[in-house]
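What the coordinates show
Residues per chain are reported as follows:
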Amino acid sequence: MPNVTLYGTPTSTYVRTSRLLLAEANIDYNSKDIGIFNGDNHTAEYLDKHPFGKVPTLEVDGETIYESTAITHYINQKLADSKFSPPDLLLEAKMRQIMSIIDNYLYAHAVGTIVIQRLIVPQQGGQPDESAVREAIAPTQKALKAIEDVALCTPFLAGSLISIADFYLIPIFIYLEKTPEFTTVTAQTPKLKAWWDEVKILASVKEICA
Ligand SMILES: N[C@@H](CCC(=O)N[C@@H](CS)C(=O)NCC(=O)O)C(=O)O
């Protein structure tokens, strides 16, 4: 068995993406907590692994990989017999399209603004920036509607088998659901709401995203 170490705050959404995949693939791995709110991700030692100071970073037998698309692709292909990407090329393209929408059009608004302002800022004793939250609603709705239009939700995003796209969106929904904006941003996405009811009860989701 390869020696696998995942670096990152266990509660971070992108770290949870890799953790869900590793759990569903039954892969044993070591976890190294790299805090993103205490500066662990900006130490020289960590920047040596990930020059952009983001989490997660994966190490497999001494090789370092960062960026969640690369990490999840590697785990899926190398350690999970590719079972977390659909064999059908069109479905695989849809899976990748959803991952890309999340990276480029959803994450900054849904997590970077709504979740941070609603859940993290108050936890740290601050007041949410209400105007930033208001401004993040429309782009979040747009990105979720785009995912809704691409996704199959039968019951998983890319069809009948759970895929990496599900592992990308689940950790975001876990937090988004805890915000008062959740109802508004999912008002136009009935398929995603049905998908969410199916995936949030998975054992791996309950264990990793509790
Ligand atoms: N492009 C990176 C994004 C990872 C990312 O944004 N991680 C967040 C946590 S969910 C992070 O490291 N935030 C700390 C920071 O930006 O300083 C990936 O795909 O892995």
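Residues numbered from 1 in each chain as written. Predicted model: local features only at pLDDT ≥ 70, side-chain atom pairs only at ≥ 80, totals over all residues. Heavy atoms only, no water.

Here we look at the side chain of Arg 118
Mapping Arg 118 onto the fold places it in helix H4 (residues 89–123). Among residues more than four places away in sequence, those in contact with Arg 118 are Thr 113, Pro 128, Glu 130, Val 133, Thr 179, Pro 180 and Glu 181. (Helix = DSSP H or I, 4+ residues; strand = E, 2+ residues; numbered from the N terminus. Contact = heavy atoms within 4.5 Å.)

Topic: the site of the ligand
Taken together, the neighbourhood of the ligand is formed by Ser 12, Thr 13, Tyr 14, Ile 36, Asn 41, His 42, Lys 54, Val 55, Pro 56, Glu 67, Ser 68 and Tyr 107. Here Lys 54 contributes a side-chain N or O atom positioned 2.6 Å from an oxygen atom of the ligand. Here the ligand has 510 Å² of accessible area as a free molecule, and 81% of this is covered by the chains. In terms of residue class, the shell around the ligand is made up of five nonpolar, five polar and two charged. (Near = heavy atom within 4 Å. Polar contact = N/O pair within 3.5 Å; in protein donor to acceptor, adjacent residues only side chain to side chain. Areas by Shrake-Rupley, 256 points an atom, 1.4 Å probe, with all protein chains shown as cover. Nonpolar A, V, L, I, M, F, W, Y, C, P; charged D, E, K, R; others polar.)

Observations concerning the sheet that holds strand S3 (residues 57–60)
Strand order in the open sheet formed by four strands is S2-S1-S3-S4, with mixed pairing between adjacent strands. The sheet is open, and its two edges are formed by strand S2 (30–32) and strand S4 (63–66), each paired on a single side. Averaged over all neighbouring strand pairs, the angle between strand axes comes to 20°, with direction disregarded. Examined bridge by bridge, strand S1 (residues 4–7) and S3 share four bridges and lie antiparallel to one another. Opposite Tyr 7, over in S3, you have Thr 57 as the bridge partner. Helix H3 (residues 68–79) rests against S1, S3 and S4 of the sheet, and its axis sits at about 125° to S4. (Pairing = 2+ DSSP bridges. Axes fitted to C-alpha atoms, helices over the stretch in contact; angles between N-to-C directions.)

A word on the domain arrangement of the protein chain
Segmenting the protein chain into domains produces domain 1 (4–79) and domain 2 (89–205). Taken over C-alpha atoms, the centre of domain 1 sits 21 Å from the centre of domain 2. With 15 residues of domain 1 at the interface, the matching set in domain 2 holds 18 residues. Carbon and sulfur atoms make up 67% of the surface buried where domain 1 meets domain 2, a total of about 1500 Å² over both sides. Broken down residue by residue, the surface that domain 1 buries against domain 2 is led by Thr 13, Tyr 14 and Leu 20, which jointly contribute 39%. If you look at where domain 1 meets domain 2, you find zero salt bridges. Linking domain 1 with domain 2 are seven residue pairs in polar contact (both at pLDDT 80 or more). Among the elements of the structure, helix H1 (13–24) and H3 are those that each provide at least two residues to the side of domain 1 that touches domain 2. Each residue belonging to the side of domain 1 that touches domain 2 can be placed in one class, and the counts come to five nonpolar, eight polar and two charged. (Domains from an automatic or database assignment. Buried area = accessible area lost by both parts, 1.4 Å probe. Salt bridge = Lys/Arg side-chain N within 4 Å of Asp/Glu carboxyl O.)

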